[in-house]
Amino acid sequence: MAVMPAAVNRLCAIPELTVLVNVPLSDHTRFRIGGPAAVLCDAPDESALTQARRTVQELKLPNVVIGGGTNLIVSDFGFDGVVLRYKGSRLERKGMLLQVEAGAVLQDVVDESIRLGMKGLETMTGIPGYVGGAIYGNAGAYGRSINELVECVRATDGRHVKAFRNSECDFQYRESIFKTRKEWVILSLDLRFESGDPGDLANTAREIRTIRDLKYPPQMKCAGSIFKNVFFDDLPEHVQAEVPGTVVRDGKVPSAWFLEQAGAKGIRRGDIQVASYHANLVYNDGAGEAADLVAIIQELKQRVRDRFGFELEEEVQYVGFEHAPALV
Ligand SMILES: Cc1cc2nc3c(=O)[nH]c(=O)nc-3n(C[C@H](O)[C@H](O)[C@H](O)COP(=O)(O)OP(=O)(O)OC[C@H]3O[C@@H](n4cnc5c(N)ncnc54)[C@H](O)[C@@H]3O)c2cc1C
């Protein structure tokens, strides 16, 4: 057990921090999969989060930050350490700027921006999770990504708060500096919008929502796409020659195309299912387990390796596999 009672007492002494022990992470992931966290800390404000961050560092406790749990695969063994979650969710308008705390639900920010006639986030309607998670993975949809609106991101390493300008966030397709510099916990961000007509923005969002709800029914236990799409220019020449021009979008080939050629649609293992209509969508069809989910992901990667000779890269993030036997 990595978190001793004395450490739990230190965390419990932090004002406003909610500290829970032995918490099933399956209750906090969209896949509904994952064993227990030794400790789960919910911080409602920056002060509590910063102190919790500093404490886990001082005590050298294994720790991980989560948001809405919509892009996570958590091990069946759980996480033997401290899971930190930032729940600050205030939102403030300053002209065409929205200042948003990282624990805000992205959809709430989308809805508010539409209501205020602020254009830029409407195509991200239906992406679940918190704003902090969206920045971490530079979430996006329909050709737009959140980085296009970001002016700055504030984050803490437990000792300092640093404001990262957009150019310092190293945003790329589904990437940001926060994926490599995990000591920084995102606290808040400034998003810059253009002005738009609320009715037009709402119509765009509604149309997108209808399409998305068919692909990802609201109750589906999944993480959206398992794999990132692949830049056409990064593919080996012999693979480029096989890809029909019609499937290339914004310079990328959907991973689903490769997976479909490799016969991935409809594969099942235990209660884990690859969608029959979308080869890059894997869901928990009952009481699925992380072991089966990871095994299916490995099988999908192997099929694409065998058929095309290159490696797909996961968009989903793993938690708790560091010490689990031979999973990832
Ligand atoms: C049905 C469905 C559809 C989806 N569609 C899309 C889509 O169209 N486009 C898209 O981009 N994604 C999509 N996703 C994936 C997911 O919703 C996004 O990646 C989302 O932004 C993750 O946010 P989260 O709060 O749930 O993060 P989590 O899943 O909780 O965490 C993801 C990662 O972010 C890190 N993180 C979270 N909060 C912080 C923080 N405050 N500071 C530092 N690191 C943090 C975590 O450590 C973890 O590594 C979809 C998921 C589902 C279930």
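Conventions we followed
Residues numbered from 1 in each chain as written. Predicted model: local features only at pLDDT ≥ 70, side-chain atom pairs only at ≥ 80, totals over all residues. Helix = DSSP H or I, 4+ residues; strand = E, 2+ residues; numbered from the N terminus. Buried ≥ 20, exposed ≤ 12 C-beta atoms within 10 Å, placed from the backbone. Contact = placed C-beta atoms within 7 Å. Near = placed C-beta within 6 Å. Nonpolar A, V, L, I, M, F, W, Y, C, P; charged D, E, K, R; others polar. Domains from an automatic or database assignment. Pairing = 2+ DSSP bridges. Axes fitted to C-alpha atoms, helices over the stretch in contact; angles between N-to-C directions.

Trainee: Where do I start with unusual backbone geometry in this structure?
Mentor: It is generally the case that most residues other than glycine have a negative phi and that most peptide bonds are trans. Positive phi values are uncommon outside glycine, yet Glu16 reaches one of about 75°. Mapped onto the elements of the fold, Glu16 is located in the loop between α1 (5-12) and β1 (18-24). A residue is classified by how many C-beta atoms lie within 10 Å of it, and Glu16, with 12 of them, is exposed. The backbone phi angle of Lys60 is positive, close to 55°, even though this residue is not glycine.

Trainee: Any chance you could explain the environment of Leu187 here in plain terms?
Mentor: The topology assignment puts Leu187 in strand β13 (residues 185-192). Residues Leu187 and Phe258, 71 residues apart in the sequence, show an inter-C-alpha distance of 37 Å. Leave out the neighbours within four places in its chain, and Leu187 touches Glu46, Leu49, Tyr86, Glu101, Ala102, Arg154, Ala155, Thr156 and Val161.

Trainee: I would appreciate a short explanation of the site of the ligand in the present structure.
Mentor: Near the ligand there are 32 residues, and of these Gly67, Gly129, Gly132, Gly133 and Gly224 occur at the shortest range. Elements with a minimum of two residues in the shell around the ligand: β3 (63-66), α4 (131-136), β9 (140-141), β13 and β15 (221-225). Ranked by residues supplied to the shell around the ligand, first place goes to α4 with 4 residues. In terms of residue class, the shell around the ligand is built from 19 nonpolar, 12 polar and 1 charged.

Trainee: Where do I start with the domain arrangement of the protein chain in this structure?
Mentor: It is common to give the size of an interface as the accessible area that goes away when the parts come together. Here the protein chain is described as being made up of domain 1 (5-86), domain 2 (91-196) and domain 3 (218-319). The C-alpha centroid of domain 3 is placed 30 Å from the C-alpha centroid of domain 1. Counting from both sides, the interface comprises 14 residues of domain 1 and, opposite them, 15 residues of domain 3. A total of 3 residues in the side of domain 1 that touches domain 3 trace back to one element, the largest contributor, which is strand β4 (residues 72-74). Residues of the side of domain 1 that touches domain 3, tallied by class, amount to 7 nonpolar, 4 polar and 3 charged.

Trainee: Explain the sheet that holds β3 to me, please; I cannot follow it from the model alone.
Mentor: Across a sheet, paired strands are connected by hydrogen bonds in the backbone, their directions being either parallel or antiparallel. Across the sheet, which stays open at both edges, the 4 strands sit in the order β1-β2-β5-β3 with mixed pairing between neighbours. Each end of this open sheet is capped by a strand with a single partner; those strands are β1 and β3. In this sheet, adjacent strand axes meet at a mean angle of 30° when their direction is disregarded. In this sheet, strand β5 (residues 79-86) lies alongside β3 in parallel orientation, the contact comprising 4 bridges.

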